[in-house]
Every structure is written in structure tokens, then in C-alpha cells.
2 protein chains.
Amino acid sequence: MESVLPLVGVLFFVFLLARGLGEVTQRLGLPALIGEIVAGVAIANVAIGSFHLESWLSLDPTTAGGVVNRDALGALADVGVVFLVFAVGLEIRPDELRRFGRISAATAAGGIVIPFGLGAGFLLLLEGPTGWPAALFVGVSLVVTSLIVTARLLREARWLDTTEAHVILGAAVIEDIVGVILLTFALGVTAGSEHGPIDLVYQVLLVSAFAVVFVLFFLFLAPRLVRRYLDPSGPKKVSVRLRTRNATFVLVLLLCLGASALAASFQLASIVGAFFAGMALAEFRDQYDLRAAFESLNTFFVPFFFVVIGLAVSTGDLLAAWPLAAALTVLAVGGKFATVAYDAGALGRRPALRVAAGMVPRGEVGIIVALTAFGAGLISADLYTAIVVMAIATSVIGPYLLHRLFAGGVAPTTEAPVSPAPEGR
Amino acid sequence: MESVLPLVGVLFFVFLLARGLGEVTQRLGLPALIGEIVAGVAIANVAIGSFHLESWLSLDPTTAGGVVNRDALGALADVGVVFLVFAVGLEIRPDELRRFGRISAATAAGGIVIPFGLGAGFLLLLEGPTGWPAALFVGVSLVVTSLIVTARLLREARWLDTTEAHVILGAAVIEDIVGVILLTFALGVTAGSEHGPIDLVYQVLLVSAFAVVFVLFFLFLAPRLVRRYLDPSGPKKVSVRLRTRNATFVLVLLLCLGASALAASFQLASIVGAFFAGMALAEFRDQYDLRAAFESLNTFFVPFFFVVIGLAVSTGDLLAAWPLAAALTVLAVGGKFATVAYDAGALGRRPALRVAAGMVPRGEVGIIVALTAFGAGLISADLYTAIVVMAIATSVIGPYLLHRLFAGGVAPTTEAPVSPAPEGR
């Protein structure tokens, strides 16, 4: 059946379905992103008699119109994830990172080493030594913590000013930075391995060097440049001298897109660039009203990202992948609780359990890792589906456990509340 | 040459080029949209030796990657024009329309009948009676006034509180509404004509009926529904009862996309729906901060729309079409000044000339008409190029004449200033 809906009609129905199911999952106490992913799965798989939702929405990839509409959705998803990750970076001020202190770092260290080892080891056990590229990505997907799911949960439950919340958010930020760097290495290593061991070493060195320069530039030099050239009260005031309307926001968009493009052109994921660009601008987020501006953009864009994630999941893969998904979920939850052995001494037993529960959700970051690896052809459809299911399952289990563990009373601190969640989904 | 840039890189360079040339044209005293269109023309046509800008940007339509990237740009352009036109509608409060009064209406009447007659007559003269569908669109493209170019010009020159500005903006709004309705009819009539005279009558009746219902719904019923269901202090408060974050803006986006999709599915242009949806929400624009939200969206989206316009212009067509473009420009300028004969009595000779000059720019509205007709295969590439050039030329000539005519002093009024320009380009 040829495409009959105009593009704006396709976008309307997809947006309506994603927002509608997102509202439903929120009413069930789950993050909106789960409903949006389910919308994508539904579009790809719902068929009743001769009615196929995909064809009705003019998204059938076997028709010319369907291909154009899918390219359009893909473009909105690509832009959406860049803006989403930029907005997450915007919440992380490099100077705030220090405040979270030693406990966060120790928790993060445990939360990185143990889940990575569990995930990569499990995959190697399952697929043998030739499965090492997939093992790398599974390991990385178990390391990361969903800053968005966790921060939103803590804010909504009014636990943001507890010691546990500080430790959770600090550790989550460190884990995400390390996770993004690990993702960078995994991509570089697997790209290099295609051309033999010499190229592999060369590729790893190149990516390492680039990653180090990139991170240092965005953490230390970029904020200074922003202060010097973007700040209306700064010495150079580029944004003031431009005639372009909304010039500061235009420059910020260019920085965001440019950093993403730069990262992508060096075989890194575009989101790595967006994340560090966001961090570089974090201290100016209020001065330039960047949160509100990106909130408007993300309100439109982000559902398309999660729908596209769901579109790539077939119910056939789901049936085939569920044992793998269940195993990964067990490892994901177990891996974070295993870190309790680490820092229970510093925090006490119950707070340490709360911290572990708070770091269970893998959410959007785990899914981004899966999508990046799947898009590069480095993991199978089964494994992609299993990681997505694991990321969703942990985003349900983590909040549930946290509510149970907080039921026994909290330990408030007197420190200022940490960054609230961006685009809170 | 196969695509090498990732999509985010394509978007970065296109956005950079468009914004950069937009800044240049603004420094020359011209609207930014002209620089953005030139960016598109440059991408499609710049070739130095073996270097083709289009291939370098991975936008060569003969490669698979180029097609995907072009689909992506097309999608951003489609969404961009819907949001742009919505934002224009947002500036037009139905109740403010009345304030502009009799002179605006008289000016608009002249500014509709005379340019339409000149444009359609000229095309019929040129192409004979079989050219009537193209004649309709050329007529419509000469009727419309660029609310964005004109309002921005008046605001920047601080003439917004003059009688002339009130008359110009009032007439421009009326002309755009009539222009959009005429566009609706032209599309309906030409679509119907493919199936013989009976279908033609049926199609015209259907489109007329739909257009009337649509316009009445959005002007009278929709604001009431918005007040009832969206207003947090209203009796139903849907947006308050939703868990979805930023729920009001989500509902506004759904209304905007839904109205566009509805209009498109009835053979109208999607922008007709977006325009009236914007008008329906105009009285709530401040309460819900809709201007700032759409400003953020449009800062990102709109340059892609103007770039895509330029992409469809080849320098070959430009060379072939320039006599036609020059003729249309003369008719466009002459048509508006011919209306001076009409209302010079009410305003006085010099103010009437100023009003005429203020209504010369066809800008984005003229281009949207051309793109809609070209996209539906109803006008030739030459004629498309000629209308685009006319729209650009009038957007340069109008401001120039207005500055000359205002040099002799202004007649300030005591009325409140009228709506400022959206996304001011």
C-alpha cells in the first residue's frame, strides 16, 4: 500500500501515540520513555487482520513513501538524541562534580568495574572469545546509569536533599562520563579490529588521543571560550555584535551540532560530543535560559527518538531474546547491589542499599549504547533487543526498590539540592 | 561519491552556512531569510573544479546517503514551515483584527484584487487559457504580504506606533488570510480539474465547505475549547490533570500538527491548518509562553526551510527565468502602488505611498505559495524560480522604498503598539 498520509500527518499520529502511551506509563508510576518505546514497538508490530499500523501510518519500509517517512523519523530521532544528551550534559557543572566527593567516586568505581566485568564476562562465556566486540558493548551498557530516570525519580519523591541522592547523582554522573569514554573506546577498538592488529593499535591510540583532547577541551578550555566570546558582559561579546536574532542560542546550537559532528567524524558517537558540549555550557545554563530553550526543543524531538528505538524491536526478536534479556537484567541489578559491599562502611547498610537501588535504572543511556552499537552493525538484533528490554526493566525495578528501601525514613542533609532532571522523563 | 558526513555533520554545516549568510544579508540591511535561501542555492550550484559543495555536504541526490540526508533536510523544512506559519498565526489575535478598521480593510481589498488581476492576467496573456492553473498561483503569490518581513522592518525602524504601520499590518493580516483561502481554492480547483468538470465542481464545493468550516472552527470555536480545556484556571483543566511534563506545550504541538495534518488530508496546504491553529491560540500566547517556546523551535528549524527553497533553484533556471522574474517583480511592486489610488483620500498622499511600500514584500508567504504549487506539480521549475526571485526582490525593494518615504517624517499615533514580529527574520 503506497503512502497516503502527508509527513505532517505521520508526525501527528506518531507524536500523539507516543505522548499518549507515555502518559499511560507515567500514570502507572513508570517513566514516559517506556510508553514512547512501546509506541514504537506497537507501530512496528501491531497487525489486526489486513490492518497494519505501520502501513496505515505510511511507515511501511517496502514502499517509497514509507522509506521517505522513515528517513524523516530517523532524522528527528538523530537530532532528538543529540539535544537530549546535550540537555543531560547541561545539568552537570564540572565544579559541582567535585562537591559530590569521595563516596560518589568510590561508588562509581565499584559501579563501573563490577557491572562491566559481569556483562562482558557473561557475553564471553556465552559466545566465546570471538564475541569480544559484543561483550564490550554489553559491559558498557551495564555500567551506565540513567541520569534522567534517576534524577527525575529523586525529584518527584522529594528525596533530592538526602545524602543518598547526592551520592547517587554524583556517582551516576561519573559513571556516565566513564561509560561514554568506554563507549568511545569500544567503537574505536571494534572499528580498528577490522583492519588487523596494527590498525587496531593505531585506531585505539588515535581514539584515545582524540578522546583525551576532546574531554580536556570541553571541560577546561570551552567554558573559558564561552565566557570570553559568548558572555554579553565578557570582553569579546560575539553574541552582542551579531545581528542574528537570538544569536546566543544560535551559537549554542552550532556548538552542540558541531561538537556532535566532530565526535562522529572521529568514529566516536555523536552523543559523546553533545554530552561534553552540554557540560561545557552547564555554568551558563541559567544566564542564557538554555534549559527552557532545550526543554521546548526536546518536548518536540525526544519522543521520536524513543519511538525509533521501539520501531527496531520486532515481537519475534522479543520472544527469542527474552532469556538473554532476563539474564542481563539480573546482572544489571546484581552488579549494582554488589557494589554495596564496597561502600557500606562509609554510608551504613541501609543507605548503601538505597544508593545501589538508585543506580539500577539504565534507561536512555543504556538504550543509546545499544542503538549506537546496533547502528554500527556491531551487535545482533537479538542482543539489541535484549539490552533495550534490560534498560526498560531496570528503569522499572530500580524505582520500585528505591521506594521500598526509602519507606523506612530518610537521612536529610543540609546541603543545597543538586541539579534537577532535564526534560524529566 | 558516497556520503561520508554523518547526518549531524550535514545539519551542522548547512545550519552554519545558512546562519552565516543570514548574518551577512542582515548586515546589508536585508532580511536573514534571503541569506538562508542563497545558502541553499549555493549548496545546489557551487562547483569549483572537481569540488561540488553538494557532494561534499553528502547531499548529492544521486547517492543513497545523499537521498537519506535530503529526506532529512526535507523533513526539517516541512516541520519548520508548519511551526513558522503557526508562529505568524500566533501574532494575529482575531479581536485585534477589528481594531485596524476600515482603512486596513479597504487597503487590503485593493491589495488583493489589483495584484491578483495583474498576476493572473499576465500569466494568461503569456501562456494562453490553458495556463489557468499557473495563473491562479501567480495571482495568489502577488496578493500575499510578508507579515514577517514587514513587521520586523517596522519594529526595527521604530515605526510600529505610526498610523501607517497599523494600516500596513492590518491589511497584511487580511491579505494573508485571504491569500491562504485563495491558495486553498487554487489547490482544490486544480486538483478537481484533473477529473473533469463534474469532479471539479464537486472538489470546489468540498474544499469551499471544508475551508469555511475550518476557518469558522479555528476563529470562533477553537479559542473557546482552548479556554475551557487548556486553561489551568478554566473549568476542565486537561493540562493540569495530565502527568506529562510540559503538558500544555505538548497539547499545543498536537493542535498545531493535527490542524496541519487535517488541512493536508483535505487537499489544502498543511500551512493553512498551522496558520489558523496559531490564530486560535493567539490570545493565550503570553499566558502559556508560546512565543518563547516556538522561538526556540524556529531558531533551529526555520533556516532549513529556507535552505530547501534555495536547493530547488538551479542557476540554469535562474538564467532562464530572470525576464519572467523581473516582469513579476514589476507587477508585484506596481500592483501594491496601484492601490494608492484607492485610499489616498483617507490617508493623504505620502502616508498612502508608505502603506503601499510597506506591503510590497512578499517574503516567506510568497515563497510558501510557490513551493506549495511546485511541490504539487502545478507550476514549472522556471515559474517556481521566478516567483522565488520576485519574493526575494520585493523583500529588498519594499524596505528600501519605505526608508526613502519615511525620510520625510512620520505621523505618530497614540494607540498601543501592534503585535511585534515572530522569529523576526
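Our subject is the structure listed above.
Please read these numbers as outputs of a predicted model, since none were measured by experiment.

Asks: Describe the overall build of chain A, naming the residues involved and giving the relevant values.
Replies: Looking only at helices and strands, chain A has 19 helices and two strands in total. Expressed as a percentage of its 425 residues, the buried residues of chain A come to 59%. Looking at chain A alone, contacts between residues at least 24 apart form 79% of all its contacts between residues at least 6 apart. In the form shown here, chain A has an accessible surface area of approximately 15,600 Å², with 66% of it arising from carbon and sulfur atoms.

Asks: Quick rundown of the interface of chain B and chain A? Include the residues and the values.
Replies: Counting residues at the interface gives 50 residues for chain B, matched by 50 residues for chain A. Summing the contributions of chain B and of chain A, the shared interface buries around 4,300 Å²; its carbon and sulfur component is 68%. At the surface where chain B touches chain A, the tally comes to two salt bridges. The shortest N-O distance in the salt bridge between Glu295 of chain A and Arg245 of chain B comes to 2.9 Å. At the boundary of chain B with chain A, the tally comes to twelve residue pairs in polar contact (both at pLDDT 80 or more). Element by element, the count of residues in the side of chain B that touches chain A is highest for helix H1 (residues 7-27) of chain B, at eleven residues.

Asks: Got a sec to walk through a nonpolar patch on the surface? Specific residues and values, please.
Replies: A grouping of Val46, Ile48, Phe51 and Trp56 of chain A is seen on the molecular surface, where their side chains present a nonpolar patch of about 370 Å² in accessible area. Relative to the helices and strands, Phe51 of chain A resides in strand S2 (residues 51-52).

Asks: Got a sec to walk through the pattern of salt bridges? Specific residues and values, please.
Replies: Applying the stated criterion across every chain yields a total of 15 salt bridges over all chains. Note that Glu36 of chain A and Arg19 of chain A form a salt bridge whose closest N and O atoms lie 3.9 Å from each other. Here Glu36 of chain A is found in helix H2 (residues 32-45), whereas its partner Arg19 of chain A is found in helix H1 (residues 7-27), with 17 residues between them in sequence. A relative accessible area of 1% places Glu36 of chain A in the buried class. The buried category is assigned to Arg19 of chain A, whose relative accessible area is 8%. Where Arg285 of chain B meets Asp286 of chain B, a salt bridge forms, and the shortest distance between an N and an O atom there is 4.0 Å. On the accessibility criterion, Arg285 of chain B (6% relative accessible area) is buried.

Asks: Could you give an account of the relation of the copies chain B and chain A, with specific residues and numbers?
Replies: Rotating chain B by 180° and translating it 0.0 Å along the rotation axis places it on chain A, where the RMSD comes to 0.0 Å. Each copy turns onto its partner about a two-fold axis. Looking at the interface residues of chain B, 100% of them are also at the interface in chain A, so both copies use one shared face.

Asks: Which residues make up the environment of Ser104 of chain A, and what values go with them?
Replies: All names here are of chain A. Position of Ser104 among the secondary structure elements: in helix H6 (residues 101-127). Of the residues examined, Ser104 reaches a relative accessible area of 0% and is grouped as buried. Each C-alpha atom, one on Ser104 and one on Val167, is 4.9 Å from the other, the two residues being 63 residues apart in sequence. The contact partners of Ser104, leaving out residues within four places of it in the chain, are His166, Val167, Gly170, Ala171 and Ile174.

Asks: Can you break down helix H4 (residues 64-90) of chain A residue by residue, with the values?
Replies: For H4 of chain A, which comprises 27 residues, the first-to-last C-alpha distance of 39 Å matches the rise-based estimate of 39 Å (1.5 Å per residue) to within 8%. Across the 27 residues of H4 of chain A, 21 count as buried, placing the element largely inside the fold.

Asks: Tell me what's going on with the side chain of Glu23 of chain B, and back it up with residues and numbers.
Replies: Its place among the elements puts Glu23 of chain B in helix H1. Residue class for Glu23 of chain B comes out buried when judged on its relative accessible area of 8%. Dropping the residues within four chain positions of it, Glu23 of chain B is found in contact with Arg241, Leu242, Arg243 and Thr244 of chain A.

Asks: I'd like to hear about the packing of aromatic side chains, residue by residue, with values.
Replies: Residues and elements named next belong to chain A. One pass over the structure, following the stated rule, counts 31 aromatic pairs over all chains. For the pair Phe15 and Phe300, a centre-to-centre distance of 6.0 Å together with 35° between the ring planes defines the contact as tilted. Remark: Phe300 occurs in helix H14 (residues 290-311) and Phe15 occurs in helix H1; sequence separation between them is 285 residues. There is no split in this pair, since Phe15 and Phe300 are both buried.

Asks: With reference to specific residues and values, describe the nonpolar core.
Replies: In terms of nonpolar packing, the biggest core is built from 274 residues, with Phe83, Phe276 and Phe300 of chain A together with Phe83, Phe276 and Phe300 of chain B touching the most fellow members. With residues up to four places along the chain from it excluded, the contact list for Phe276 of chain A reads Ile177, Val180, Phe214, Val215, Phe218 and Leu219 of chain A.

Calculation criteria
- Residues numbered from 1 in each chain as written.
- Chains lettered and ligands numbered in written order.
- Predicted model: local features only at pLDDT ≥ 70, side-chain atom pairs only at ≥ 80, totals over all residues.
- Heavy atoms only, no water.
- Helix = DSSP H or I, 4+ residues; strand = E, 2+ residues; numbered from the N terminus.
- Buried < 20%, exposed > 50% of the residue type's maximum accessible area, 1.4 Å probe, protein only.
- Contact = heavy atoms within 4.5 Å.
- Areas by Shrake-Rupley, 256 points an atom, 1.4 Å probe, with all protein chains shown as cover.
- Buried area = accessible area lost by both parts, 1.4 Å probe.
- Salt bridge = Lys/Arg side-chain N within 4 Å of Asp/Glu carboxyl O.
- Polar contact = N/O pair within 3.5 Å; in protein donor to acceptor, adjacent residues only side chain to side chain.
- Patch = residues over 30% accessible without salt bridge, like charges linked within 9 Å, V, L, I, M, F, W, Y side chains within 5 Å.
- Least-squares fit on C-alpha atoms with pLDDT ≥ 70 in both.
- Expected span 1.5 Å × (residues − 1).
- Phe/Tyr/Trp six-rings, centres within 6.5 Å; stacked < 30°, edge-to-face > 60°.
- Core = buried A, V, L, I, M, F, W, Y, C linked by side-chain atoms within 4.5 Å.

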